[in-house]
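# Coordinate inspection notes
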Amino acid sequence: LFELNKVMVRMRRNAQEALQRYKAFKADKKVTSLQGEKASIEGVYSSYLGILMRNQLKDAFTFYKRVNKDYHEMKRKQQN
């Protein structure tokens, strides 16, 4: 149970970091789009990077939810 707790903490931290990176990316993208981004290649690259970061955030959150569910399930079984 202790090992699963360590994994859960690590997964929570990963999800929080992914969320912060995605928020920073979105804020930066707003600023650059307001400045008038003319290079279409740069716009496409930025869009792909946004998709990648969103998928990383989704995966990190999904892993955290699974580990959290398993942790609490094992904790309930141990208490009974």
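Please refer to the structure higher up on the page.
These remarks concern the structure in this document. (Residues numbered from 1 in each chain as written. Predicted model: local features only at pLDDT ≥ 70, side-chain atom pairs only at ≥ 80, totals over all residues. Heavy atoms only, no water.)

## Remarks on the environment of Lys75
Structurally, Lys75 is set in helix H2 (residues 40-79). For Lys75, a relative accessible area of 32% puts it in the partly exposed group. Here the alpha-carbon distance between Lys75 and Leu1, two residues 74 residues apart in the chain, equals 7.2 Å. (Helix = DSSP H or I, 4+ residues; strand = E, 2+ residues; numbered from the N terminus. Buried < 20%, exposed > 50% of the residue type's maximum accessible area, 1.4 Å probe, protein only.)

## What about the environment of Met8?
Tracing the backbone through its elements, the reader meets Met8 in helix H1 (residues 2-34). Note on Met8: relative accessible area 5%, which makes it buried. As a C-alpha pair, Met8 and Phe63 span 55 residues in sequence and 8.9 Å in three-dimensional space. For Met8, the contacting residues outside a window of four places in its chain are Tyr64, Val67, Asn68 and Tyr71. (Contact = heavy atoms within 4.5 Å.)

## Overview of the nonpolar core
Residues Ala15, Ala18, Tyr22, Phe25, Met53, Leu57 and Ala60 constitute the largest nonpolar core, which totals seven residues. Elements with a minimum of two residues in this core: H1 and H2. Looking at which element gives the most residues to this core, the answer is H1, with four residues. Core analysis: the next-biggest nonpolar cluster, separate from the first, contains six residues, Leu4, Met8, Tyr64 and Tyr71 among them. (Core = buried A, V, L, I, M, F, W, Y, C linked by side-chain atoms within 4.5 Å.)

## Quick word on H2
For H2, spanning 40 residues, the distance from its first C-alpha to its last is 58 Å, which sits close to the expected 58 Å at 1.5 Å a residue. Taken residue by residue, H2 has Ser46, Gly50, Met53, Leu57, Ala60, Tyr64, Val67 and Tyr71 as its buried positions. (Expected span 1.5 Å × (residues − 1).)

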